[in-house]
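Geometric and topological summary
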Amino acid sequence: MGVELTLKAQNALYGGKLLKYTHKSAVTNTDMTFNIYIPPAAEFGKVPAIYFLSGLTCTEDNFMQKSGAQKQAAESGVILVAPDTSPRGAGIEGEDDSWDFGTGAGFYVNATAEKWSKHYNMFDYVNKELQEIVEANFPVLPGFRGITGHSMGGHGALISAFKNPNQYVSVSAFSPICHPTKCPWGEKAFTNYLGSVEAGKDWDATELMLKNGPFPFTIMCDVGLGDNFLIGDVNQLRPDDLDAAMKEKGQKFISRRQPGYDHSYYFISSFISEHIKFHATELRKASKAAPTIVEVPKEFAETAGKVIKCKAAVAYAANEPLKVVEVNVAPPKAGEVRVKVIANALCHTDVYTLSGQDPEGLFPSILGHEAGAIVESVGEGVTSVKPGDHVVPCYTPQCNKPECIFCMSPKTNLCPCIRATQGKGVMPDGTSRFTDADGKTIYHFMGCSTFSEYTVLAEISCAKINPEMALDKACLFGCGVSTGLGAVWNTTKVESNSSVAVWGLGAVGLAVIQAAKASGASRIFGIDMNPKKFTIAKELGATDCLNPADYEKPMNEVLVEMTKWGVDYTFDCTGNVKVMRQALEAAHRGWGVSCVIGVAASGQEIATRPFQLVTGRKWCGTAFGGWKSRTHVPMLIEKNLNGELPVDHFITHRFKGVEKINEAIDALHGGECLRAVVNYF
């Protein structure tokens, strides 16, 4: 749509952007203003949009400034659009005389009274012109819209959906004016804008439900029981009328009354996350039912089959800073996939190898193994992914061959298909796809090498994921977070009401706590030498946080004293063999299970007295949390998209560009970093 937009303001927010635009409207014949929040997920493809309509006296700013909705929108990967509530400056006599009519009170109708009809057409503005502008100028997935609003805006959201039932996938409202032909606000608006209250029945949610319902979507409404416009001298909202109409018509709906909440933004901000999750879930269901169209970047057609020159952070020697240089990335061979790395998360395993302690560490090499990427091209015989697909590279492959007893067994995820060559820093044919400017070989790392803008992977190391997932979050599922979750859910299978102790509160340890909480563990001990990590540990579910420096006894003795017989499940996330022993000996006599997750330095051995095992304790370990990579990583991604598995709290630092990887490593060493994510593009 050829409308000129003027940017008035821009703010960074939760990894995305909040933008304010003005434009000349052909519908209201005035200048109109709207705010739009673009989440980080929109950098990698089009996403659904949710429109929020504000209430009486509000502008386009109230919702965006007061609700706090952007955080959940960023996590759910949806765009938010908030328009003004009326035309402004139309020059109509009387439009500024009262707070509940005229300026700031357009009531989301198309006025028919001659005095107002040239300008006050907010229904068409919201449902036609604004949506055309948004979908023409921003990364919005066409046809996948939700609408919500507050008070007058709740009324506007409901009638917009009821009058255009095929235009919206999801509908919700906060304290909506549900039966405006039966309340003073509506009577005043309809009499002036439409000529009569009777004419307002075509713009009344309750009347529209009775006339045309049920509609093909679920409706969610929240009303505060302390709302003065509900319980005051006049009931302006009348939610019971709409509930009765929906019941009569068999409409699918969720109607909630929230004790103690009033009509303000305190109410909206308390429940906006639930509304956005509701919309995101409904929009995702609809998008899954629709054919998936993968947009392949145009440059991929130009690079397929050719050597790509790009930047990479190369490790030339142990304990030396990485050098950002131009490397050559060869095309993929049979069974291989070349990907464009969009975002990479720093993991302690990368730092461990760079330190020289890794017996399989090779130099020069390109480290990195937690990434979100887009398939650029594929080699001969590759069928599971194609150019444009979004993938998470996985250092634990899954060949799925019938003859692979590991892939066919539910007992393990340790597919050995390419293990031998992966450990030697080469691809399955024994050669590298990386060379420097002089043509000298640069080795691969863990089959991933994601400290490069482009890399080549084995097909069996590519977990294809939902393109709705932001790749700078998807990367978290490539190693540490998945490992911690799987150690609880797969390896040890922690039960409800059990006790758990976790040594090491980095990303892996916190993921263990998060999973233990989700499994219903009743007591969770978080143990770390850095008390600054205790706050987030408790937020994720830890009931007790212990600093070994505060005790004269080893932690196993402390825990046994605190619990009498020990802890049901213990997890080492430190890689320290002495801690591994403590974790075992803190496990419950008779049935305790201790899981080793941390990677110890080369040559280290674990030890304990056999009596610890004879008396019923079990020692086990986990790699990648027992997840079968290509099967389970997409499942974890879906749980995140559905709001069941939040991971944003793991990202504590962000950087831009391969050149910043050394800074990200420094942040990881700093003690306050869980995951530093580097966006390359």
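To be clear, the structure that these remarks concern was listed above.
Residues numbered from 1 in each chain as written. Predicted model: local features only at pLDDT ≥ 70, side-chain atom pairs only at ≥ 80, totals over all residues. Heavy atoms only, no water.

**Section: the side chain of D222**
This is how the line gets drawn: Secondary structure elements are defined from DSSP: runs of H or I of at least 4 residues count as helices, runs of E of at least 2 residues count as strands, and each element is numbered from the N terminus. Whether a residue is buried, partly exposed or exposed follows from its accessible area with a 1.4 Å probe, protein chains only, as a fraction of its type maximum: under 20%, in between, or over 50%, in that order. Side-chain atoms alone can form a polar contact between residues adjacent in sequence; in general such a contact is a pair of N or O atoms within 3.5 Å, and within protein one must be able to donate a hydrogen while the other accepts it.
Locating D222 in the fold gives a position in strand β8 (residues 219-224). For D222, a relative accessible area of 0% corresponds to the buried category. In terms of polar contacts, D222 uses its side chain to reach the side chain of R256, at 2.7 Å. Only 3.0 Å separates the side chain of D222 from the side chain of Q258, close enough to count as a polar contact.

**Quick look at helix α2 (residues 69-76)**
Of all the 8 residues making up α2, 7 are buried; the element is thus mostly covered by neighbouring parts of the structure. When α2 is considered as a whole, its buried residues turn out to be A69, Q70, Q72, A73, A74, E75 and S76. G77 sits one or two positions beyond α2 and adopts a positive phi of about 70 degrees.

**Re the sheet that holds strand β1 (residues 6-13)**
What counts is decided by this rule: Strand pairing is assigned whenever DSSP identifies at least 2 bridges connecting the two strands. In this description, a line fitted to the C-alpha atoms serves as the axis of each element, helices being fitted only across the stretch in contact, and the angle between N-to-C directions of two axes falls anywhere from 0 to 180 degrees.
Taken together, 9 strands build an open sheet; the order of strands is β1-β2-β3-β5-β4-β6-β7-β8-β9 and the sheet is mixed. Bordering the open sheet on either side are β1 and β9 (253-258), each of which pairs with just one other strand. On average, adjacent strands in this sheet sit at an angle of 20 degrees to one another, irrespective of strand direction. Strand direction decides the pairing type here: strand β4 (residues 47-53) and strand β6 (residues 140-149), joined by 6 bridges, are parallel. Note on β6: the bridge partner recorded for F52 is T148.

**Description of the sheet that holds strand β19 (residues 499-503)**
Pairing is parallel across the open sheet formed by 6 strands, whose spatial order is β21-β20-β19-β22-β23-β24. Each edge of the open sheet carries a strand with a single partner, namely β21 (544-546) and β24 (618-621). The mean inter-strand angle of the sheet, taken between neighbouring strand axes irrespective of direction, is 15 degrees. Across 5 bridges, β19 lies against strand β20 (residues 523-527) in parallel orientation. Following the sheet pairing, V500 is matched in β20 by I524.

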